[in-house]
Amino acid sequence: MSGPLVVLVGPMGVGKSTVGQLLAERLGVSYRDTDDDIVAARGRTIAEIFVDEGESAFRAIEKQAVHRALAEHDGILALGGGAILDAGTRALLAGQRVAYLSMDVEEAVKRTGLGVARPLLAVNPRKQWRELMEARRHLYEEVATAVVATDGRTPEEVTEAALDAL
Ligand code: S3P
């Protein structure tokens, strides 16, 4: 199987970056995050790109970044929470080892306070969170080869659960 050793998907704030780095350490491979790639390439934050160019422009940029990273990276790769909205990206994930890190809304509130620096959750975070998950849950599940619940677990515990599940 070519491509990343493990791809991490799941909603914003679920801990993809933290768990991804722990997984990379445990497995002795490198870690990459497509949001970081976009920020480095554009020299602006994700929030600035959303505000200046709008969500659909961000999605086009994200799609390119994700496709490039899937082709180039052989370690742990974390995707931005909305990357799975793209059908081409979902098709590329078929045949990959993909862990979906999940959490319920109460865990999301605890972890992120919902909305801080998250352009998609700025107005009515709890309601927007529920709507986002209604729209996306089945897409995360579609691409996942393992679902790892993070509720009430530390990043270390989630990492162990992911290693067991993968
Ligand atoms: C988004 C998630 C964010 C970032 C952007 C949009 C989303 O990534 O790509 O704010 O649509 O869920 P993280 O999941 O890494 O926070």
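None of these values were measured; they are calculated from a predicted model.

1. Regarding the sheet that holds strand β4 (residues 98–102)
One open sheet holds the 5 strands; their spatial order is β2-β3-β1-β4-β5, and the pairing between them is parallel. Looking at the sheet topology across the chains shown, the edges are occupied by β2 (31–33) and β5 (146–149). Pairs of neighbouring strands in the sheet enclose a mean axial angle of 25°, with direction left out of account. The pairing of strand β1 (residues 6–9) with β4 spans 3 bridges and is classified as parallel. From the neighbouring strand, L8 faces β4, where its bridge partner is A99. In this fold helix α8 (residues 155–165) packs onto β4 and β5, with an angle of close to 160° to the strand it touches most, β5.

2. Quick notes on helix α1 (residues 16–27)
Here α1 is 12 residues long and its end C-alpha atoms lie 16 Å apart, about the 16 Å a rise of 1.5 Å per residue gives. Among the residues of α1, K16, V19, G20, L22, L23 and A24 are the ones counted as buried. In the core, the buried residues of α1 are packed alongside β1, β2, β3 (76–78), β4 and α8. Backbone geometry just after α1 places G28 at a positive phi near 70°.

3. Quick look at helix α7 (residues 125–143)
With 19 residues, α7 extends 26 Å from end C-alpha to end C-alpha; this agrees with the ideal 27 Å at 1.5 Å per step. The largest bend along α7 measures about 45° and falls at R136. Residues of α7 that are buried: W129, Y140 and V143. Among the structural elements, β1, α5 (87–93), β4 and α6 (105–112) are those in contact with the buried residues of α7.

Rules used throughout
Residues numbered from 1 in each chain as written. Predicted model: local features only at pLDDT ≥ 70, side-chain atom pairs only at ≥ 80, totals over all residues. Pairing = 2+ DSSP bridges. Helix = DSSP H or I, 4+ residues; strand = E, 2+ residues; numbered from the N terminus. Axes fitted to C-alpha atoms, helices over the stretch in contact; angles between N-to-C directions. Contact = placed C-beta atoms within 7 Å. Expected span 1.5 Å × (residues − 1). Buried ≥ 20, exposed ≤ 12 C-beta atoms within 10 Å, placed from the backbone. Bend = angle between axes of the 7 residues up to and from the residue.

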